[in-house]
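Each chain, letter by letter, is given below.
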Number of protein chains: 2
Amino acid sequence: MCPKVDMKKIENPTKCQVSFSKRRSSLFRKTHEISVLCDVDLALIAFSPSGRLNKFCSQKRIEDVMQRYIDLPPDKRFRYDIKRLV
Amino acid sequence: MCPKVDMKKIENPTKCQVSFSKRRSSLFRKTHEISVLCDVDLALIAFSPSGRLNKFCSQKRIEDVMQRYIDLPPDKRFRYDIKRLV
DNA sequence: TCGCCTATTTATAAGAT
DNA sequence: TATCTTATAAATAGGCG
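Reading the values: the criteria
- Residues numbered from 1 in each chain as written.
- Chains lettered and ligands numbered in written order.
- Predicted model: local features only at pLDDT ≥ 70, side-chain atom pairs only at ≥ 80, totals over all residues.
- Heavy atoms only, no water.
- Contact = heavy atoms within 4.5 Å.
- Buried area = accessible area lost by both parts, 1.4 Å probe.
- Salt bridge = Lys/Arg side-chain N within 4 Å of Asp/Glu carboxyl O.
- Polar contact = N/O pair within 3.5 Å; in protein donor to acceptor, adjacent residues only side chain to side chain.
- Nonpolar A, V, L, I, M, F, W, Y, C, P; charged D, E, K, R; others polar.
- Pairing = 2+ DSSP bridges.
- Helix = DSSP H or I, 4+ residues; strand = E, 2+ residues; numbered from the N terminus.
- Near = heavy atom within 4 Å.
- 1 Å grid on protein atoms, 1.4 Å probe; cavity = no way out; pocket = protein on both sides within 12 Å on 5 of 7 lines; lining within 4 Å.
- Points joined across faces, edges and corners; volume = space filled by probe spheres on them.

**Topic: the interface of chain B and chain A**
For step 1, the next point in the chain: Contact residues are listed per partner, giving 56 residues for chain B and 57 residues for chain A.
For step 2, the next point in the chain: Taken together, both faces of the contact between chain B and chain A bury some 5,600 Å²; the carbon and sulfur share is 69%.
For step 3, the next point in the chain: Counting every contact that joins chain B to chain A gives four salt bridges.
For step 4, the next point in the chain: One salt bridge in this structure joins A:Arg23 and B:Glu33, with 2.8 Å as the shortest N-O distance.
For step 5, the next point in the chain: Here chain B and chain A share 10 residue pairs in polar contact (both at pLDDT 80 or more) between them.
For step 6, the next point in the chain: A per-class count over the side of chain B that touches chain A returns 31 nonpolar, seven polar and 18 charged.
For step 7, the next point in the chain: Relative to strand 1 (residues 41–47) of chain B, strand 1 (residues 41–47) of chain A is paired through seven bridges, and the arrangement is antiparallel. Bridging from a neighbouring strand, A:Asp41 pairs with B:Phe47 of strand 1 of chain B.

**What about the protein's contact with DNA strand D?**
For step 1, the next point in the chain: As a structural note, the neighbourhood of DNA strand D is formed by 15 residues, with A:Met1, A:Cys2, B:Lys22, B:Arg23 and B:Ser26 the closest of them.
For step 2, the next point in the chain: In DNA strand D, atoms within 4 Å of the protein come from the sugar-phosphate backbone in 68% of cases.
For step 3, the next point in the chain: Within the side chain of A:Lys30, one N or O atom sits 3.1 Å away from a phosphate oxygen of DNA strand D.
For step 4, the next point in the chain: Between DNA strand D and B:Arg23, the relevant distance is 2.6 Å, taken from a phosphate oxygen to a side-chain nitrogen or oxygen of the residue.
For step 5, the next point in the chain: For the surface near DNA strand D, the secondary structure elements donating two or more residues are helix 1 (13–37) of chain A together with helix 1 (13–37) of chain B.
For step 6, the next point in the chain: A class-by-class count of the residues in the surface near DNA strand D yields six nonpolar, three polar and six charged.

**Some points on empty space enclosed by the protein**
For step 1, the next point in the chain: Using the criterion set out here, one finds two cavities of 30 Å³ or more in the structure.
For step 2, the next point in the chain: The space that makes up the largest cavity amounts to roughly 40 Å³.
For step 3, the next point in the chain: Taken together, A:Ile34, A:Val40, A:Leu42, B:Phe20, B:Arg24, B:Leu27, B:Phe28, B:Ala46 and B:Asn54 make up the full set of residues lining the largest cavity.
For step 4, the next point in the chain: Considering every element that reaches the lining of the largest cavity, the biggest residue donor is helix 1 of chain B, with four residues.

Right, dumping it as structure tokens:
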């Protein structure tokens, strides 16, 4: 009933929307969990295909986390890109 | 072996770090998956307790996603806060 | 610290409603 | 379209090295 996912865009719009809705709720739950359990200050911004904004911020306003990012010296800003972990 | 998680900060520093490391890799994998499967443009910025930056961006530079957020009219920027889904 | 193992919990795709 | 069900897949806490 739950086959492995194929890592490519879901072309069927209905399936894509259902999958987005389910995955979004899990993703934001996990984001919330790690922020509390591990005391992580984080911000997540997501634009759905229709352009709708979904955002999450652990503690402060999302603008404050963005500012913390912007205020980093460039060497620290670019050093840790999580794509290497995916 | 895998008890339910208690939704509060893990005070033991070693356990906290191990949990962070495990959850971070899953979180960024899920973030990557939803961005590909559902064609979502997103940015995730996370500061670990030690202040280290971890970031992920789906397609463009993280600054571009931030700019897209900043460019939203205020009513759209504040309407969809995902905390309601957690 | 860091990876591997395993039992249990959680996520999720598809189907049902 | 959205929510519920269910069977399978994936995540993960703790143990061990």
